[in-house]
Structures are given as C-alpha cells and as structure tokens.
Amino acid sequence: MTDRTIRNLAHLRRSASTARVLNLLKVGLDHGHEVEWAERPLFQTPALNRSLIIKHRLRRDEADCFYLRRQVATKVVIPLDPADLKSGGRYVFVGQRDFERVMHEAFGVTARHPDMQTLALLDRLPSLDPFLLREQLKRNGQDPAACYFSISDSDLERMSGFVQDEIRPLVTLSLGPDLEAVGSTRRLASKIMSNNPTDHMEALRRTLRLELEEYEEGVFCWKGFIYYKWVLTSLSAEALAVADAVQTVRPIGKTDRDARAWLDRGRAVLRDRIIETCCEAGRTLDVYDAAFAGLTDESRPASFRAFLLQAPRLFSKLGDQLGAIQHIVSFWRFRFSPGASAVGVDELIDIFMDFETGLAARRAEAAEPRWAA
C-alpha cells in the first residue's frame, strides 16, 4: 500500500460505513460484545468479519488483475494491526485472477465456502449502501445481524412512505382512486419491499410476460430505483452544500505553490463533477419514470417490461453515480463535523483525489435505450 492509501485507511478506522465502504472493523468494535453479532455474523471467517470492504475504482495498473474488463472492483482489506491502521494491510480483489487460490491460502476457505458466496453477492452490487446490501443478502437466504446495516427506524419509515406515494399510480390503475378505504397502497408497497414479491405479484409478472428469473431480478432493481430516487431526493441539498464547501475549505499549515495550484484546480473540478453526477443520476432515474408512466398513465405495459429487462445494467450505472455522491457526503459530514480536527495540506489533497477518482465519468457507456411500446 502507498502512504496515501494508509492515511485514508486510518481515517476509515474512525468513520462509519458509507455507500463505498463497509467498515466491518468498526462494526466489530462497536457491537462485538453483543450476542446477535456473534450468532449472526456477516462472514463466518473471523478475519473477513473484521475487514474493510471497499468499492474501488480500478487504476490502469490494476485492470490486468481481472480476466474481464471492469472499472470498479470489490476490495477486501485485512489490517495488519487493527489498532493501528497506519501500518497498512493486505488486500484482495473479489474475482481477481487466482481468487479462489488466494482465498484458500490466506483464509483457508474453499470455493464452496459460504463466505465466498457472500463476497460474490457483495461484488454484484453497484454500491455497499446498507439498504441494498440487506436486500441483496436476504433475497439470497442470508440474514446477518442488524448491526451490519446502519439503517435507522426513522429512515425506514420515511422510505416506506416514499414507496407508497411512488406506487400509488399503479394501485390507482388496478383499483381506482378510492385507495384509503382498503389500504391497498400500503399493502402493495409492503409487497414490493418484501423479499419475495413474486409470491404476491404473479399477476403483474404475467401482464409483463416475463420469465420468473427475469422478473425477480427486474423487481429487485425496480426496488433499487425507487430507493435511489428517495436517496437523490434526500441527498441533493447536502450534495450541493458539499460542492460549495469544497470551494471554501482551507488547510492549516504552509501551502507551497504546487499544492496551492493543485487545490485550486481540484476545487473547480470537484464542484462541477458533484453537480454533474447528481444531474446524470437524475437523467438515469428519468428513464425509470418514463417507463413507469408508460405502464400507469398510458396503459403501455411493454415500456415497463423493457425497463425491467434493462434494469440491471441501468441499476449498476445509477448505483455507481449515487454511490460516489453518498460517499462524498458521508465522509465530508464525518471529517468536517463540528469539533473535528483541522485538515492539513496533504490530507486535503488526499480527500480531493479520493473524491475526484470516485466521480470519474464512465464515458465508455453506450447511449441509453429508447423505451417504446
């Protein structure tokens, strides 16, 4: 690991999980004394259950670690000294060349070990957002302790209310405008948010003429789109506040000419990229809105069927966009909170570099498909 990586790792030691980082070391420190943490671990292997899982944007020299081209990988970091992360750590990328051999030699786990399945499930997600992480694991038969998912009861309640408002047009289409008497909106929302939506929504699957596997994957991504729409609504103001704060934050200590020039350039680039990434996420969500309106307002189920078939790819793109914004907002809230220590020149450069890398545009993506009946 480089010195910059070690310094960033030390900051993660004190911060909570974000959409880009699952801080199992901190979860263990905070909840290791609880029975639930011991009886329902995320990973059975102790070292993995106190690791740092990071959605890592690959650098050029890391691309050859994989058989297939990819831009983001899931990085598992095992600290050399959990009490002093400045000493660095060992890491492995999920799915890298010789991944099974490396995992067997390092942790004694085989390809069929449950922890390998858990790592594969995490790798399939576009971000480590706790809501989506919990849903991904539950729909694959895993139910770790609640302490692994930092979702407050108030957030879950607000999310439920948002889903009810979001799917109201679908209930109106099915039952007419008199919803409150039968509570249909609330019931359908709970079915969508359940882990087995196909048990109660077979009629919708038949209407959309989807195979069971296509429908299950599509509905999971639909759930993700609704969640990300709520996230963007809740996050936009804070993201813009961070974009403005980037312009004014100043490090302590002496700043030489090169560092000042780099920070000045970074301020302009970061502010523009934060705003543009929020706009790009909004445009991706517009694809979903148009398809859902085609189903509910225009009686064109084919448009929503096309969306569900393409949803996994769009979901990955949306998760990449919003995951970067969530990470920036969460880390900024942690590092620049009232009472936090002042930021030095090198650390501020590290933070800007980390944010800029996370916001790097994915220019190779194909143009969005057009939805038609």
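Residues numbered from 1 in each chain as written. Predicted model: local features only at pLDDT ≥ 70, side-chain atom pairs only at ≥ 80, totals over all residues. Heavy atoms only, no water.

(A) Examining the overall build of the protein chain more closely. Secondary structure summary: the protein chain contains 13 helices and 4 strands in total. The buried share among the 373 residues of the protein chain stands at 49%. At a minimum sequence separation of 6, the contacts of the protein chain that also span at least 24 residues come to 67%. In the structure as shown, the protein chain presents an accessible area of about 18,400 Å², 50% of it carried by carbon and sulfur atoms. (Helix = DSSP H or I, 4+ residues; strand = E, 2+ residues; numbered from the N terminus. Buried < 20%, exposed > 50% of the residue type's maximum accessible area, 1.4 Å probe, protein only. Contact = heavy atoms within 4.5 Å. Areas by Shrake-Rupley, 256 points an atom, 1.4 Å probe, with all protein chains shown as cover.)

(B) Summary view of the sheet that holds strand E1 (residues 21-23). An order of E1-E2-E3-E4 is seen for the 4 strands of this open sheet, with the pairing classed as antiparallel. Each of the sheet's edge strands pairs with one partner strand only, and the pair in question is E1 and strand E4 (89-93). Recorded for the sheet is a direction-independent mean angle of 25 degrees between the axes of neighbouring strands. Note that strand E2 (residues 52-57) and strand E3 (residues 72-79) share 6 bridges and pair antiparallel. Opposite isoleucine 54, over in E3, you have lysine 75 as the bridge partner. (Pairing = 2+ DSSP bridges. Axes fitted to C-alpha atoms, helices over the stretch in contact; angles between N-to-C directions.)

(C) Spotlight on the pattern of salt bridges. If you walk through the whole model with that rule in mind, you get 22 salt bridges. Across the pair aspartate 289 and lysine 229 runs a salt bridge whose closest N-O atoms are separated by 2.8 Å. Of this pair, aspartate 289 sits in helix H11 (residues 257-296) while lysine 229 sits in helix H10 (residues 212-248), and the two are 60 residues apart along the sequence. Two residues, arginine 271 and aspartate 244, come together in a salt bridge whose shortest N-O distance is 3.2 Å. Note that arginine 271 is positioned in helix H11 and aspartate 244 in helix H10, a separation of 27 residues in sequence. What emerges from the salt-bridge pattern is a single network uniting Glu36, Arg40 and Asp143. (Salt bridge = Lys/Arg side-chain N within 4 Å of Asp/Glu carboxyl O.)

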